[in-house]
Amino acid sequence: MFEEASEVFDNMFKSSFPLTFIVFIPAVLILVSPLPAEAAHEFTVYRMQQYDLQGQPYGTRNAILNTEARTVEAEVLSRRCVIMRLVDFSYERYQKALRQSAGAVVIILPKNMSTMPQDIVQQFMELEPEMLATETIVPVYFALEDDELLSIYTQTLTSSSSQGSSSAAEVLIHTATANGFQMVTSGAQSKAVSDWAITSLEGRLAGTGGEDLPTIVLVAHYDSFGVAPWLSYGADSNGSGVSMLLELARLFSRLYTYKRTHAGYNLLFFVSGGGKFNYQGTKRWLEDNLDHTDSSLLQDNVAFVLCLDTLGNGDSLHLHVSKPPKEGTAQYALLKELETVASNQYPEVKFSMVHKKINLADDTLAWEHERFGIRRLPAFTLSHLNSHREVQRSSIMDVRPHVDLRKLSRNTKLIAESLARVIYNLTEKGAPGDLQIFTEQMQMQEEQLSSVVDWLTAQPRAAQLVDKDSSVVSTLEYHLGRYLKDVRRHYVKADKRDPEFVFYDQLKQTMNAYRVKPAIFDLLLAFCIAAYLGVIYLSIQVCIDTTSLAHLVPWKFWKHIRFHWF
Amino acid sequence: MTLFHFGNCFALAYFPYFITYKCSGLSEYNAFWRCVQAGATYLFVQLCKMLFLATFFPTWEGGAGVYDFVGEFMKATVDLADLLGLHLVMSRNAGKGEYKIMVAAMGWSTAELVMSRCIPLWVGARGIEFDWKYIQMSFDSNISLVHYIAMAAVVWMFTRYDLPKSFRLPVTVLLGLCVYKAFLME
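Since the model is a prediction, treat every value here as computed from it, not as a measurement. (Residues numbered from 1 in each chain as written. Chains lettered and ligands numbered in written order. Predicted model: local features only at pLDDT ≥ 70, side-chain atom pairs only at ≥ 80, totals over all residues. Heavy atoms only, no water.)

## What to know about the UniProt feature "transmembrane region" (unreviewed entry) in chain A
No. 1: Under the local residue numbering, the UniProt record ascribes the feature "transmembrane region" (unreviewed entry) to residues 16-37 and 519-540 of chain A.
No. 2: Within residues 519-540 of chain A, the helical portion is 100% and the strand portion 0%, while the C-alpha atoms at the span's ends are 32 Å from each other. (UniProt positions renumbered as here; feature names shortened; annotations may be inferred. Helix = DSSP H or I, 4+ residues; strand = E, 2+ residues; numbered from the N terminus.)

## With respect to helix H9 (residues 330-345) of chain A
All names here are of chain A.
No. 1: For H9, with 16 residues, the first-to-last C-alpha span of 22 Å sits near the 22 Å given by 1.5 Å per residue.
No. 2: Listed in full, the buried residues belonging to H9 are Gln331, Leu334, Leu335, Glu337, Leu338, Val341, Ala342 and Gln345. The arc enclosing the buried residues of H9, seen along the axis, measures out at 165°, which places them on a common side.
No. 3: Next to the buried residues of H9 lie strand E13 (302-308), strand E14 (316-321), strand E15 (350-355), strand E16 (379-383) and helix H11 (405-423). (Expected span 1.5 Å × (residues − 1). Buried < 20%, exposed > 50% of the residue type's maximum accessible area, 1.4 Å probe, protein only. Arc of directions from axis to C-beta. Contact = heavy atoms within 4.5 Å.)

## Considerations on helix H4 (residues 80-92) of chain B
Residues and elements named next belong to chain B.
No. 1: Its 13 residues give H4 an end-to-end C-alpha distance of 19 Å, which sits within 8% of 18 Å, the value for a rise of 1.5 Å per residue.
No. 2: Listing the buried residues of H4 in full gives Asp82, Leu83, Gly85, Leu86, Val89 and Met90. The arc that holds the buried residues of H4, viewed along the axis, is 160°, so those residues lie on one side. Away from its buried face by more than 90 degrees, H4 exposes Leu84 and Arg92.

## Overview of the sheet that holds strand E6 (residues 104-109) of chain A
Residues and elements named next belong to chain A.
No. 1: Taking strand neighbours around the barrel as the criterion, the seven strands line up as E1-E7-E6-E5-E4-E8-E19 in a closed arrangement whose pairing is mixed. For this sheet, the mean inter-axis angle between neighbouring strands, taken without regard to orientation, is 35°.
No. 2: Bridging between E6 and strand E7 (residues 140-144) involves five bridges; their strand directions are parallel. Its bridge partner lying in E7, Leu109 is registered against Leu144.
No. 3: The sheet contacts of helix H3 (residues 91-99) involve strand E5 (81-85), E6 and E7, and relative to E5 the element is tilted by about 175°. (Pairing = 2+ DSSP bridges. Axes fitted to C-alpha atoms, helices over the stretch in contact; angles between N-to-C directions.)

## A short note on the packing of helix H7 (residues 235-257) of chain A against H11(A)
All names here are of chain A.
No. 1: Running from N to C, H7 and H11 point in directions that differ by 40°, and their axes come no closer than 10 Å. Judged on the interaxial angle alone, H11 and H7 are oblique. Relative to H11, the crossing made by H7 is right-handed. Contacts between H7 and H11 involve Ser240, Ser243, Met244, Glu247, Leu248, Leu251, Phe252 and Tyr256 on the former and, on the latter, Leu408, Asn411, Thr412, Ile415, Ala416, Leu419, Ala420 and Ile423.
No. 2: Of the residues belonging to the contact of H7 with H11, the class tally is 11 nonpolar, four polar and one charged. (Parallel < 35°, antiparallel > 145°, perpendicular 65-115°, else oblique. Left-handed = near helix turned anticlockwise from the far one by under 90°. Nonpolar A, V, L, I, M, F, W, Y, C, P; charged D, E, K, R; others polar.)

## What about the state of the cysteines?
No. 1: Enumeration according to the criterion identifies zero disulfides over all chains in this entry.
No. 2: The cysteine Cys528(A) is free of any disulfide, with Cys9(B) supplying the nearest cysteine sulfur at 13 Å.
No. 3: Counting only cysteine sulfurs, Cys9(B) is the nearest neighbor of Cys118(B), a cysteine outside any disulfide, at a range of 12 Å. (Disulfide = S-S within 2.5 Å.)

## With respect to the nonpolar core
Residue and element names in this part refer to chain A.
No. 1: With 67 residues, the main nonpolar core has Leu248, Phe252 and Leu306 as its most contacted residues.
No. 2: When residues of this core are assigned to their parent elements, the largest contribution, 11 residues, is made by H7.
No. 3: In contact with Leu306, other than residues within four places in its own chain, are Val217, Leu218, Val219, Leu319, Leu334, Phe380, Leu382 and Ile415.
No. 4: Counting 45 residues, the second-largest nonpolar core is a separate cluster that includes Val72, Met125, Met397 and Phe501. (Core = buried A, V, L, I, M, F, W, Y, C linked by side-chain atoms within 4.5 Å.)

## Some details on the sheet that holds strand E18 (residues 501-504) of chain A
Residue and element names in this part refer to chain A.
No. 1: Spatially, the four strands line up as an open sheet ordered E3-E2-E18-E9, and their pairing is antiparallel. Each having just a single partner strand, strand E3 (56-59) and strand E9 (192-193) make up the two edges of the open sheet.
No. 2: Pairing of E9 with E18, which is carried by two bridges, proceeds in the antiparallel orientation. Its bridge partner lying in E18, Val193 is registered against Phe503.

## Observations regarding the pattern of salt bridges
Residues and elements named next belong to chain A.
No. 1: By the definition in use, this model includes 25 salt bridges over all chains.
No. 2: With its nearest N and O atoms 3.9 Å apart, the salt bridge here joins Arg204 to Asp486. Of this pair, Arg204 sits in strand E10 (residues 197-205) while Asp486 sits in strand E17 (residues 485-493), and the two are 282 residues apart along the sequence.
No. 3: Where Lys283 meets Glu500, a salt bridge forms, and the shortest distance between an N and an O atom there is 3.9 Å. Taken together, the residues span a long stretch of sequence, with Lys283 in helix H8 (residues 280-292) and Glu500 in the loop between E17 and E18 at a distance of 217 residues.
No. 4: Connected through salt bridges with shared partners, the residues Asp315, Glu348, Asp404, Arg406, Lys407 and Arg410 form a single ionic network. (Salt bridge = Lys/Arg side-chain N within 4 Å of Asp/Glu carboxyl O.)

## With respect to the pairing of strand E11 (residues 215-221) of chain A
Residues and elements named next belong to chain A.
No. 1: Burial runs high along E11: seven of the seven residues are buried.
No. 2: The two faces of E11 match: Thr215, Val217, Val219 and His221 on one face and Ile216, Leu218 and Ala220 on the other face are all buried.
No. 3: As defined by bridge partners, E11 adjoins strand E12 (residues 266-272) across seven bridges and the pair is classed as parallel. Counterpart to His221 in the pairing with E12 is Ser272.
No. 4: Handedness of the β-α-β unit built from E11, H7 and E12 comes out right-handed.
No. 5: Pairing between E11 and E13: five bridges, direction parallel. (Right-handed = clockwise from strand over helix to strand, strands pointing away.)

## Some points on unusual backbone geometry
All names here are of chain A.
No. 1: In this model, Ser237 is joined to Asn238 through a cis peptide bond whose omega is 10°.
No. 2: The phi angle at Thr310 is positive, at roughly 60°, despite the residue not being glycine.
No. 3: We classify Thr310 as buried; its relative accessible area is 1%.

Structure, rendered in structure tokens:
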């Protein structure tokens, strides 16, 4: 057979060149063509944060991975992808993986966070800032768990934990039966996003009664933060603040429509972006309004600035100030009104003032009012949290169930009443402490609050994901436009030479898990196939020998006369 | 080592054919081109079958669970063409009975191997993903080699006019089994 085959090839070579070309080039092309492969399982993964703030890098630096999967119990972790479940997650294990120079870390989160016990949730919330603080070159991904992913995890677990086992025979059997997994991401390496614009929105309600009226500014930042941008829904922090701001805008715009209740204060509402990244939106807005324009509401008579941050839960309210308000100022009036309303109408609420000086040596500012304080505007922040370092402010576990709607609407009413008492000067006019203004037609609309919070928590609102065309911004703009006048957008872009913030892309990837066998398996298989072929050869030889013995004479006869036939 | 795995499956699939060719003495008869001709006949027969099926059997729309016995029976009957093709190959080759059977069966099954198993192996076994089905496919080709040899032998026996009557019935039954094998499996 080979002689004839080689004859054919010889003819091909000797004949015209194009013929060989036609035969060989496709063969070569097919040989080197890239393979479209099907995976055992394809799933979406969300990368850990990667950003630079004021030159300081945070988070993971890498995005691509193409490594074999292992769990933490395995002995050899270097250049492998370590898979962990949230229930087994701990900082020591994470550190162990990083110390052994693992190739990547994938953390599997349950689909429904609320099924997790509270202590695990709390522990993870506390670990998030620690994970972000250390700069890792290893890509860290989060995936939501489903059945196939869970089965991949359990298979990897059994194969990893039995790696140290004993005899060669066991190892051989193990290689034949076990399934390894290769994790591959399909995206490119992460790089910095240039020209990212953080959007903020402002709107106003003008007061009545002459020029140079005092201005009250109400501020809330709408973006959210967590260890993975695509998983940060920010329900309480700061979805509650934004929904409260919208409700206050609605109530006061109703009051301001009627001539009798049109007060002598300008109300300026500001929904800021980039709040979790050291309040970039507010910073640039202040610079633009105070330094670059001639006349602005912020330059003249500002009564006070009230920032709303995380008000959707809890039974306490803290007013965070950087300087205790002096008597006789509008700031002081608001403080007193808040105390009055809280003690008279809502005795279950514990109201207190927290004084914290602005520390400019810190990496980031504590609360949003500090930005205004730096520019010498009287400001404070209301929150149910006692300290700005609380981990709930920047966690992916902050989802919709964290907001208690009754408490949110109670807080909204409390703040609305206090503001009204300040604006209309009710205490001086002798109104009692338990006078309720917002009742009947001016009732707080809980359904509105609820639907705004639901809408806000339905999508991740990390600052890296909300650009100026995003639906979050345009819907907020629309809503503000229903109640306020002069609704304007305000953009912040990082400075080219010395950027305050740099965001990176490749935050959401598709990861493929391929079932692979270890290399020894191929050798083992080759050995088995060689043995099998040997057996077949021998058996055919034996058969031919036994049959040819019977036809010995005719066989030879045929051999002699065959050229007469062909 | 995925190209290696492809090599493994390739070896598992092709080497028995090679061994059979060598050991059955066909190489002494310079039968290479005759086998290739048998393979060409296989291609032709498959083409005719496909055209026939496509023209005369419309796609059956019905519930997914119910098995269309009659339709599938008809389709399996078309596989009779396989037997006719084998017979055609064997009748064109003069020579001893064993020789004819072996040539026909070798050519037929090699053509089937090349056409139906080569591409899946190439595309699938070379990928990163490992699946047992490629080993299964290669092993399956070994079994089909034996099956085609048996089928060719039965066809040849069927056409022998000097066959004793007592053998007729089993031979016919075996032939029927060959054709309707796939149908009966369902």
